[in-house]
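# Summary of the model geometry
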Amino acid sequence: MKKMFYKFLLIVAVFAFSTTSAKAVQFDVLVLPTEVFGVCQNYFCFPEPSEIAANYVIDQLNKTKNINVVKLSEVRAKLDNNQTLRDETENMLSTFEQTEKINYETLKKLSTEFNVKSVIIISCYAITDRAEIRRNLWEVLEISSAFKITYPFSLTTTAVLVDTVNSTVMWSGKFSKTVSDSNGYFLALNQAQAASHLEKIRQYFRNFVAPSISQNVNLRFFPREVRTFTVKGTPQIDPTEMPQFKPNALDHLINAEQKQQIEGEQPNYLDSTEELIFDF
C-alpha cells in the first residue's frame, strides 16, 4: 500500500514540475521603432521605415511559441496616457537614432509600464556617399524629387535587443541597402513612383530584415543545444584489396595524333593569333 502511495506522490510531483517548467519559459518583449510616434507625418503620408520593420518583426516573433510581443497600437495608447514617460521615450529614441546610445533608465521604466524584461529598439536612416548626415528616408525622397537629385541613397537599419533587468545588450545588428530604381535614381515625380519605392522597402523588411532580426532574437532566448559526436577510427584496408597501379591505364583516352605530339620533341603551342571560342 505504501509503495502505491509513494508512486502516486512521485507522479504528482513530476506532473507539477513539468507544468511549472512549461509555464516558466515565457518571454515578453517590447519592440520600439525610433519613429513610433511619427504616424503620417511625412510628405507622402507613408509609414516610417523603422515602424514598417518593427511591425514585421512583431509578426514574426508572435508566431514563435513562448514569445509574446506588445503591439505598437498598445504602445502608443499607453504612452499617450503617460505624457512624462512619452516625452522620456521620445528623447531616448531620438538620441539612439542619432548616436546609438542607449538610455537604460528609460528602458527600465518602459519595462515596468509594459511588464516586459526585454526591449528591441529599431532605427532606420538614409545617407549618401557624399554626406554622412542621417536623414529620414521619405524626407530624402521628397528632397530628391524637388531638386531632381539623381544619386542613390543607402538605407541603414540598426536593431538592438536589450535585457532591461541587467541593463545589457543581448544582441545588435546592422543592415544596409542601396535605395534606387533600375537607373540608379531615387526620385518620386508622381504618386506611382513613390508607391513603388514604398513597396520595395516593404519587401526588403518583410523578406530580409525582419526574419534576420527575429532569428537572432530567438537564438538569444532559446540557444540551440550543442551536440557532440564521436568520429570512428579509419577502417583498416586489406592490402590485397587495394587497387593496384596500372601503367598506361589512360592511353585509351588519347588518340594517335595527341600521343605523337606528347612524345615528339616539338611542344604543341597554340598560335597566339588563333581565337579561342567557348561553347556553353
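See above for the structure.
Note that the structure is a prediction, hence the values are computed from the model and not measured. (Residues numbered from 1 in each chain as written. Predicted model: local features only at pLDDT ≥ 70, side-chain atom pairs only at ≥ 80, totals over all residues. Heavy atoms only, no water.)

## What to know about the sheet that holds strand 1 (residues 27–33)
Taken in spatial order, the 5 strands of this open sheet run 2-1-3-4-5, and their pairing is mixed. Looking at the sheet topology across the chains shown, the edges are occupied by strand 2 (67–69) and strand 5 (168–179). If you compare each strand with its neighbour and ignore which way they point, the axes differ by 20 degrees on average. By the bridge criterion, 5 bridges tie strand 1 to strand 3 (residues 118–127) in an arrangement that is parallel. (Pairing = 2+ DSSP bridges. Helix = DSSP H or I, 4+ residues; strand = E, 2+ residues; numbered from the N terminus. Axes fitted to C-alpha atoms, helices over the stretch in contact; angles between N-to-C directions.)

## A word on the state of the cysteines
Applying the stated rule across the entire model yields 1 disulfide. With a sulfur-sulfur separation of 1.6 Å, Cys40 is cross-linked through a disulfide to Cys45. Disulfide Cys40-Cys45: torsion about the S-S bond near -85 degrees, hence left-handed. Residue classification places Cys40 among the partly exposed residues on the basis of a relative accessible area of 41%. (Disulfide = S-S within 2.5 Å. Buried < 20%, exposed > 50% of the residue type's maximum accessible area, 1.4 Å probe, protein only.)

## Notes on the nonpolar core
If you look at the biggest cluster of nonpolar residues, it comprises 60 residues, and the most contacted ones within it are Leu30, Leu110, Ile122, Phe205 and Ile213. Broken down by element, the residue count for this core peaks at 10 residues, all from helix 7 (residues 191–221). Residue contacts for Ile122: discarding those within four places in its chain leaves Val31, Leu32, Pro33, Thr34, Ser50, Ala53, Ala54, Val57, Thr157, Thr158, Ala159 and Ile213. (Core = buried A, V, L, I, M, F, W, Y, C linked by side-chain atoms within 4.5 Å. Contact = heavy atoms within 4.5 Å.)

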